[in-house]
Amino acid sequence: MILIAISWIYILFTTINLGFGLDKMLNLNTKNFVITSILGLFSATILASIWAIFGRINIEFHIILLLLNVFLLLKFYNQIINVYKSFLLELQQLQKSLQIILTVISVLIILQCSSIPFVIDNESYYIQTIKWLNEYGFVKGLVNLHLFYGQTSGWHITQSVFSFSFLYKNFNDLSGFCLLLGNIFSIQKLNEYSKNDNKNYLLVGLLPLFNIFFFQFISAPSPDIPVYVFSFILFFYFLENFKNTNSETFNLIVILVLFLLYIKNTTLTFAVIPIILLGYHFSSLSKKLLKPAMLTILIAALFIIKNMIICGAPIFPSKINSFTADYAIPNVIQDFYYDQVKYYGFFVSASQYNKMTLAELFLHWLSMPKLHGLFNKISVFLILIVPFFIYKYQNKKALWILYFVMVLQLLLLGLTSPQYRFFMNFILFFSLFCFTCIFYGKNAIKYILIASLFPTCIVLFFSVNLNGFSSHKFMLKISNFSIKNIVFPYQNSKSSTPFESIQLGNLKYNSPVKNDFFWANGNGDLPCVDKQQLDYFEKYYHIIPQMRTNNLKDGFYAKDLTKNE
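Undergrad: Teacher, can you tell me more about the overall build of the protein chain here?
TA: When you go through the protein chain residue by residue, the secondary structure sums to 23 helices and four strands. Over its C-alpha atoms the protein chain spans a radius of gyration of 23 Å, differing by no more than 12% from the 24 Å that the globule rule assigns to 565 residues. Dimensions of the protein chain, computed from the C-alpha atoms along their principal axes, are close to 75 × 60 × 55 Å. Contacts spanning at least 24 positions in sequence make up 70% of the contacts within the protein chain whose residues lie at least 6 apart. Working note: accessible area of the protein chain is about 23,900 Å², and carbon and sulfur atoms make up 65% of it. Of the charged side chains in the protein chain, 41 are positive and 25 negative; the average position of the first set lies 9 Å away from that of the second.

Undergrad: Explanation requested: empty space enclosed by the protein in the structure shown.
TA: In this approach, a probe sized like a water molecule rolls over the atoms, and the result shows the empty space that is left. Applying the stated rule across the entire model yields six cavities of 30 Å³ or more. In this structure, the largest cavity encloses a volume near 140 Å³. Forming the boundary of the largest cavity are 15 residues, of which Val143, Asn144, Ile333, Phe537 and Ile543 lie nearest the centre. Looking at the lining of the largest cavity, the elements that each hand over two or more residues are α23 (531-541) and β3 (543-547). Across the lining of the largest cavity, the residue classes tally to twelve nonpolar, three polar and no charged. For the second largest cavity, the full set of lining residues is Gln95, Leu98, Leu190, Tyr193, Ser194, Lys442, Ile445 and Lys446. Elements represented by at least two residues in the lining of the second largest cavity include exactly α8 (174-196) and α22 (442-461). Its residues placed into classes, the lining of the second largest cavity shows four nonpolar, two polar and two charged.

Undergrad: Please explain the environment of lysine 392 as it appears in this structure.
TA: As for its placement among the helices and strands, lysine 392 is situated in helix α19 (residues 370-393). Residue lysine 392 is classed as exposed on the basis of its relative accessible area, which comes to 51%. Taking the C-alpha atoms as reference points, lysine 392 and valine 272, separated by 120 residues in sequence, lie 25 Å from one another.

Undergrad: Even after reading the chapter, I still don't get the environment of glutamine 419, so can you show me in this structure?
TA: Checked against the element boundaries, glutamine 419 lands in the loop between α20 (397-415) and α21 (424-438). For glutamine 419, a relative accessible area of 10% translates into the label buried. C-alpha of glutamine 419 to C-alpha of tryptophan 365: the two residues are 54 residues apart in sequence and 9.5 Å apart in space. Apart from residues lying up to four places away in sequence, glutamine 419 is in contact with Tyr344, Gly345 and Leu413.

Undergrad: Quick question: what am I supposed to make of the packing of aromatic side chains here?
TA: Each aromatic ring pair is summarised here by two numbers: the centre-to-centre distance and the angle between the ring planes. Per the stated rule, a full pass over the model turns up 59 aromatic pairs. Their ring planes at 40 degrees and their centres at 5.5 Å tell us that tryptophan 132 and tyrosine 136 sit as a pair that is tilted. For the ring pair tyrosine 168 and phenylalanine 488, a centre distance of 6.4 Å and an interplane angle of 35 degrees mean the geometry is tilted. Residue tyrosine 168 is found in the loop between α7 (154-161) and α8, and its partner phenylalanine 488 is found in the loop between α22 and β1 (499-504); the two are separated by 320 residues along the sequence. Overall, the relative accessible area of 19% leaves tyrosine 168 in the buried class. Chaining the aromatic ring pairs together yields one cluster made of Tyr125, Tyr126, Phe148, Phe336, Tyr337, Phe518, Trp519, Tyr536, Phe537, Tyr540 and Tyr541. Over the face of the ring belonging to tyrosine 440 we find lysine 199, whose NZ or CZ atom lies 4.3 Å from the ring centre.

Undergrad: Please explain the pairing of β3 as it appears in this structure.
TA: For β3, the buried fraction is high: five of the five residues fall into the buried class. Residue alternation in β3 divides its side chains into two sets, Ile543, Pro545 and Met547 and Ile544 and Gln546, and both sets are buried. Here five bridges tie β3 to strand β4 (residues 556-560), and the two strands are oriented antiparallel to one another. The partner of methionine 547 across the bridge, within β4, is phenylalanine 556.

Cut-off values and rules
Residues numbered from 1 in each chain as written. Predicted model: local features only at pLDDT ≥ 70, side-chain atom pairs only at ≥ 80, totals over all residues. Heavy atoms only, no water. Helix = DSSP H or I, 4+ residues; strand = E, 2+ residues; numbered from the N terminus. Rg over C-alpha atoms; globule rule 2.2 N^0.38 Å. Contact = heavy atoms within 4.5 Å. Areas by Shrake-Rupley, 256 points an atom, 1.4 Å probe, with all protein chains shown as cover. Lys, Arg positive; Asp, Glu negative; His and termini not counted. Charge placed at Lys NZ, Arg CZ, Asp CG, Glu CD. 1 Å grid on protein atoms, 1.4 Å probe; cavity = no way out; pocket = protein on both sides within 12 Å on 5 of 7 lines; lining within 4 Å. Points joined across faces, edges and corners; volume = space filled by probe spheres on them. Nonpolar A, V, L, I, M, F, W, Y, C, P; charged D, E, K, R; others polar. Buried < 20%, exposed > 50% of the residue type's maximum accessible area, 1.4 Å probe, protein only. Phe/Tyr/Trp six-rings, centres within 6.5 Å; stacked < 30°, edge-to-face > 60°. Lys NZ or Arg CZ within 6 Å of the ring centre and 35° of its normal. Pairing = 2+ DSSP bridges.

Shown next, in the form of structure tokens:
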């Protein structure tokens, strides 16, 4: 816990400096401390993505980052110090009850980050993806070693910066830092709501009500957390500035959308938001589009370059074969992956999926057991009732646009992989919207916020069985804080299995001896992949990964065994 707190102080220092630098470059005139830090995270992600094309994100990168920190601090010393002073003053001006709530939440977040990682994807590819970035940067054909490495997220690039792997091996908690930023932003807006009665401030101010849900993701670098947090902030700025948008606010919204897209491509529908804003305010914004356009091109280029190196194709999974490299994942494996993601979203087998009509698929998806079925029903329920709440309580064009984006998101997910976690930001936002239409008393809101802390504390300190919520044995027990982690956080992996070294052709890899599920790798030394995965693809598709050269940095290709027969 203590080590995490110390690392977050440095992360905050770095992101404020970098964020202030980006603010200066784009003339954003940002006054909010949290937004400045988010801009810093975005800047660090861009710098690290460029660096990873050529080498590892390790001590060499941090030397450059430290020099950049020093340069920015010396050049803008007084202005950066004023950013901190302004933030401390804002904290002092918070109502006492909100100060206490924010303090308690901050401590609970750090405690949760010190606990055992709970997210299942942490074991399949988060840990290993970040290790590859720290030790080699972007690696050609890495997807051939494990399919999930093709999902390397912008957030994992950011985490690889702030893992400080050359100093300590158990920092894996950037999502917790992001949630802390989100809670600070929310409490600030809730405090302002007590003065201006603006429902948009109340809406974003109630984000901490969902901490009990968010806490299950923050002891691992889940990209879902920044998606949830940044979505709320994006929606807030969109609602507040829809009628009167200046270039500074528009550029900030573009940055938030670009960051979201780089973190998770399932947020593609968010691109509609700045496009609509530009359409409504074209005359005032059209003359100042150079900087956001250049930034958009940069992020698009980094996204394509990242995918071309790791996957051998501009998009993964992709049916586009015109621009693939010789180390690209074979089409048959890519089809397998794409289909598995689709079937998993509906929790059906391939034969079941192919036999079911659209109506049958929808009803099956709606009637899934446990959390999946619950959130699927809530999604459809919100689609049906939100128009009534918008029309009756806040009949504003900006809200109708966000509702349209929500519907579009659900439709697109229905065609690919309708997992509720890809839609959760809309579920949370519009659930709060409906709630705030009815409950908006200032005193009542404070009591509700205080009450929400108790279940969060319970799941943090006491064992809770999730048998009623999940069927996956890996996720049946919530991770709790242990006093043993008061100084040092728990290791990055939930698993403590040993690893065995296996030779496959010219590839020598480390495989977990015991595993909880098919895609899991754990925290083994590079290269690490489960033997049962490679055996499966060798048996059914006659394909195995092989090293392109004797150097791991040169990556992997997929060898077709049938061509040697």
